[in-house]
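Overview (structure and organization)
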Amino acid sequence: MLYPELFKQLEAVRWNMDTDIPWDRFDAAQLSEEQAHTIKMNAITEWAALPATEMFLRDNRGDSDFCGFMSVWFFEEQKHSLVMMEYLRRFRPDLVPTEAELHEVRFEFDPAPPLETLMLHFCGEIRLNHWYRRAAEWHTEPVIKAIYETLARDEARHGGAYLRYMKRALAQHGDAARLAFAKVGVLMASARRTSQPLHPTNLHVNEKLFPRDTVQSRLPDPDWLEQWLDKQIQFDATWEGKVVERILHNMSLLMGREFPNVQALNRFRKEMAQKLAVPADTASADA
C-alpha cells in the first residue's frame, strides 16, 4: 500500500495556517481591488476538491489504498480554500465567499474511467503548481505572495503522489494504463490548441447540467479563470511550455521511452490503441 508512506511524507512537510503564514507582513497598500477579487474566485475554485473527492471515492470504490490517500489530498486541498478565505476574513472581509457560493461548485460529476481521471488530475497538479508560481510573482502584497508559494509546493507534492499511483497502475494494468495515460497526456499537453484552459475545474463533467457543468461556470464570475491567466498572471506560451515539458518528462520516465514533443506521445498512444485493438480515432484527436 502507498497510502501509509505517503501520509508520513506529506505529514512531515505540512504547514500550519497560524504559524507558517506571515500574517504580520500584510501591506494593505500592495493589495489592489483586482487582486483581492481573484483571491475570492480562487478560494471558491479550490473548494471544488469536495466534489472531486466524492468522484474519486465513488469511481475507485475497489481501491481502498487510493481512497485512503484521498483523506490526505482532500484535507490539504480544502486547506488551500480555507487559507485564502482566512486571508480575506482578515484583510477583505467583504469578499469572503458565502456558504451558498461555495456550495454552488459542489455538484455530481458523471462517472469516468479511473485511470484517465488519475492522469487528468496528475496533469492538473502540474498545471496548478505553475499557475500558482506565476500568481506569486504577479501579486504584490507579501502575505498572499507567500500563500501562493506555499500552495504551489503542495501541488507539486500532490503531483508526486499521483505519480506513485500511476506507476502502480502500470504494474497492475499494463498497456491499458499506458493507453489511458497517453490519451489524457496528449489532451493536457495540447492546451495551446484549445479555446479554454485545460484543467479539471474547466472541463465538462455532467452531461445533464451542460453547459453549467464545469466548476468555473458555477463561480460568481464564470470568466474569471481566463481573465486571470491571460490578463493578470499572464500565463503565456513560455509558462505553458514549462507545463508541457513536465508532462512529457514524466510520461517519458513512466513509459521508459523519450517523448520530446506531443506528437511523439500521440504516436505512442496510437501504438497502444492498435495493440489493444482500440480504434485510434476514439482514443484521442490527432495532435
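Residues numbered from 1 in each chain as written. Predicted model: local features only at pLDDT ≥ 70, side-chain atom pairs only at ≥ 80, totals over all residues. Heavy atoms only, no water.

Attention now moves to the packing of aromatic side chains. One pass over the full model with this rule turns up 21 aromatic pairs. Between the aromatic rings of Phe56 and Trp73, the centroid separation amounts to 5.9 Å while the plane-to-plane angle is 85°, which identifies the pairing as edge-to-face. Highlighted residues: Phe56 in helix H3 (residues 49-59) and Trp73 in helix H4 (residues 64-91), separated in sequence by 17 residues. Of the residues examined, Trp73 reaches a relative accessible area of 4% and is grouped as buried. (Phe/Tyr/Trp six-rings, centres within 6.5 Å; stacked < 30°, edge-to-face > 60°. Helix = DSSP H or I, 4+ residues; strand = E, 2+ residues; numbered from the N terminus. Buried < 20%, exposed > 50% of the residue type's maximum accessible area, 1.4 Å probe, protein only.)

Opposite charge on two side chains makes pairing possible when the charged atoms of those side chains draw close. A full pass over the atoms with the stated rule returns 22 salt bridges. Measuring nitrogen to oxygen at the nearest pair gives 2.7 Å for the salt bridge that ties Arg212 to Glu104. Remark: Glu104 occurs in the loop between helix H5 (99-103) and helix H6 (114-138) and Arg212 occurs in the loop between helix H8 (175-188) and helix H9 (224-232); sequence separation between them is 108 residues. Looking at Arg212, the relative accessible area reads 38%, which means it is partly exposed. (Salt bridge = Lys/Arg side-chain N within 4 Å of Asp/Glu carboxyl O.)

Chain-level pLDDT for the chain is 94 on average; 94% of the residues reach the 70-or-more range. Contacts from residues 283-287, a stretch scored under 50 in pLDDT, to residues over four places away or in other chains number 19 contacts. (pLDDT = per-residue confidence, 0-100. Contact = heavy atoms within 4.5 Å.)

A separate point is the packing of H6 against helix H10 (residues 237-255). The geometry of H6 relative to H10 is characterised by a closest axis approach of 10 Å and an angle of 145° between their N-to-C directions. In this structure, H6 crosses over H10, and the sense of that crossing is right-handed. Residues Met119, Phe122, Cys123, Ile126, Arg127, His130, Arg133, Arg134 and Glu137 of H6 pack against Trp239, Glu240, Lys242, Val243, Arg246, Ile247, Asn250 and Met251 of H10. Residue classes in the contact of H6 with H10 are distributed as eight nonpolar, two polar and seven charged. (Axes fitted to C-alpha atoms, helices over the stretch in contact; angles between N-to-C directions. Left-handed = near helix turned anticlockwise from the far one by under 90°. Nonpolar A, V, L, I, M, F, W, Y, C, P; charged D, E, K, R; others polar.)

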